[in-house]
Amino acid sequence: MTKGIMLLIASLMMALSLAIHDDPPDDTERLGMAIDYFQSGKYHEALLIFAELDEQYDLNPRYHAYMGICYFHEWAYPEACKYLDEAIPQLEGFAPHERSVYYFTDGESHFQLQQYHEAIPYYEKALGVCFENEKGEINYRLGLCYMFEEQWEKARDNYQKALDNYLAYQNTDENRSRILQTAHMLKGCESHLKEMKQLDVVIDLDEKEDKTKALQTDSIQIVETEKQPEEMEKSMETTVQQSFIPSVIPQPIVNTNIPLLNIPVKRDTISAKVPEGINLEDIYQQHVEIQE
């Protein structure tokens, strides 16, 4: 009898266990499970539940922010940006440090997509609400963003703030490489700014030299313009004088004892031209046939 009762009780317990196991949790319990997964760093498992519930109920902005963080840890940066960009403006009433996590994660997602211009505002927001010992890492990220944007002064300033924060709050052997790296980046920005100033000086000198040359050229042109009337008058005088010069100019006499003769010419056997004035020396050299 006792053995039969024991078997009955065991059968009832097994049936009850199977009934509990087969009965799926309701959506509230599933949401609680997702939150537990999220808080324990099991982002993949949490995201599966969040995504399914979001399709059914359209979860509120806070859960969308959770989903954005899950996507970030899954390296799905476009989806992380999508959910966090939409959720953050609706979370202004939440605790400052909770919002700093959303801001920083959104900035990191844009940074990983090389969207530095879009990442900067979220890093800046994170600086306003994060803990003091967290600012060094954010300033370091801002230094990188501004450097990639070629805003060298802002990059230098953020690297300096990051270095100061690291030395004040995280000056440990584990963080030594980051401190050295930040100092190196800071010096790089300062060197670049120095080169830019030197280049500006050279460009300024070149521009001044170009302006001086332009002024000199303008002065020469003005002087030449003033001289033009006088030169035109001289040119006109020369033209008038030349108009009175006879068109036939006798060739110079080679032998002064031989007179210059104006003899009618039948033809020039060499060039077939009729010279207007002939020197006897030319006749001997060119063998011109003369008509008496």
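Residues numbered from 1 in each chain as written. Predicted model: local features only at pLDDT ≥ 70, side-chain atom pairs only at ≥ 80, totals over all residues. Heavy atoms only, no water.

**Focus: the packing of aromatic side chains**
Test applied: Here a Phe, Tyr or Trp ring, Trp counted by its six-membered ring, pairs with any other such ring whose centre lies within 6.5 Å, and the pair is stacked when the planes are under 30 degrees apart, edge-to-face when over 60, and tilted otherwise. A run of H or I in DSSP counts as a helix once it spans at least four residues, and a run of E counts as a strand once it spans at least two, with each numbered from the N terminus. Here the term buried applies to any residue with accessible area under 20% of the maximum for its type, exposed to any over 50%, and partly exposed to those in between, with areas from a 1.4 Å probe on protein chains only. Criterion for a charge above a ring: Arg CZ or Lys NZ at most 6 Å from the ring centre, at most 35 degrees from the ring normal.
Evaluated as defined, the whole model comprises 12 aromatic pairs. A centroid spacing of 5.5 Å and a plane angle of 25 degrees characterise the contact between Tyr71 and Tyr83, whose relative ring orientation is stacked. Here Tyr71 is found in helix H4 (residues 61-73), whereas its partner Tyr83 is found in helix H5 (residues 77-87), with 12 residues between them in sequence. Here Tyr71 and Tyr83 have matching classes, each one buried. Seen in terms of ring centroids, Phe111 and Phe148 are 6.5 Å apart; in terms of plane orientation they differ by 45 degrees. Their pairing is tilted. Pair noted here: Phe111 is in helix H6 (residues 96-112) and Phe148 is in helix H8 (residues 135-148), with a separation of 37 residues, a long-range link. Residue classification places Phe111 among the buried positions, given a relative accessible area of 14%. Counting every residue linked through ring pairs, the aromatic cluster contains Phe38, Tyr43, Phe50, Tyr63 and Tyr66. Directly above the aromatic system of Tyr83 lies the positively charged group of Lys82, at a separation of 4.6 Å from the ring centroid. A cation over an aromatic ring shows up here: Lys125 above the ring of Tyr103, its NZ or CZ 5.9 Å from the ring centre.

**A closer look at the confidence of the model for the protein chain**
Going by this rule: On a scale of 0 to 100, pLDDT captures the predictor's confidence in every residue. Contact between two residues is taken to exist if any of their heavy atoms lie within 4.5 Å; hydrogens are not considered.
Looking at the protein chain, pLDDT values average 77 and 60% of them are 70 or higher. Predicted confidence is poor over residues 14-22, with pLDDT under 50, and the contacts of this stretch with residues over four places away or in other chains come to 0 contacts. Of the regions scoring below 50 in pLDDT, residues 239-275 engages in 34 contacts with residues more than four places distant in sequence or in other chains.

**A look at the pattern of salt bridges**
Basically, it comes down to this: The salt bridge criterion pairs a side-chain nitrogen of Lys or Arg with a carboxyl oxygen of Asp or Glu, the two atoms within 4 Å.
Scanning the model with the defined rule gives 9 salt bridges in all. Residue Asp27 is joined to Arg30 by a salt bridge in which the shortest nitrogen-to-oxygen separation is 3.2 Å. Of the two residues, Asp27 and Arg30 both sit in helix H2 (residues 27-39), 3 residues apart, roughly one turn of that helix. Note that Arg141 is salt-bridged to Glu108, the shortest N-O span being 2.7 Å.

**Some words on the nonpolar core**
How we decide: To define a nonpolar core, start from buried Ala, Val, Leu, Ile, Met, Phe, Trp, Tyr and Cys residues and group those joined through side-chain atoms within 4.5 Å.
The biggest cluster of nonpolar side chains holds 55 residues, and the ones touching the most others in it are Phe50, Tyr102 and Tyr159. Setting aside its immediate chain neighbours within four residues, Tyr102 contacts Arg62, Ala65, Tyr66, Ile69, Leu84, Ile88 and Leu91.

**Details of the environment of Ser191**
By the secondary structure assignment, Ser191 is in helix H10 (residues 176-243). By relative accessible area, Ser191 is classed as partly exposed at 40%. It is 10.0 Å that separates the C-alpha atoms of Ser191 and Trp152, two residues lying 39 residues apart in sequence.

**What about the packing of H6 against H8?**
Going by this rule: For every element, the axis is a line fit to its C-alpha atoms; helices are fit only across the contacting stretch, and the angle between N-to-C directions ranges from 0 to 180 degrees. By the definition adopted for this analysis, an angle is roughly parallel if under 35 degrees, roughly antiparallel if over 145, roughly perpendicular if from 65 to 115, and oblique otherwise. In this scheme the handedness of a crossing depends on how the near helix is turned from the far one: anticlockwise by less than a right angle means left-handed, clockwise means right-handed. Residues are grouped as follows: Ala, Val, Leu, Ile, Met, Phe, Trp, Tyr, Cys and Pro are nonpolar; Asp, Glu, Lys and Arg are charged; all remaining types, including Gly, are polar.
Direction vectors running N to C along H6 and H8 enclose 30 degrees, while the axes themselves pass 12 Å from each other. One element, H6, and the other, H8, form an angle in the roughly parallel class. By crossing handedness, the relation of H6 to H8 is classed as left-handed. From H6, Phe104, Glu108 and Phe111 reach across to H8, where they touch Ile138, Arg141, Leu144, Cys145 and Phe148. When its residues are assigned to classes, the contact of H6 with H8 shows 6 nonpolar, no polar and 2 charged.

**Structural notes on the side chain of His110**
Looking at the secondary structure, you find His110 in helix H6. Using a relative accessible area of 5% as the deciding quantity, one classes His110 as buried. Leave out the neighbours within four places in its chain, and His110 touches Cys81, Asp85, Gln115, Glu118, Ala119 and Tyr122.

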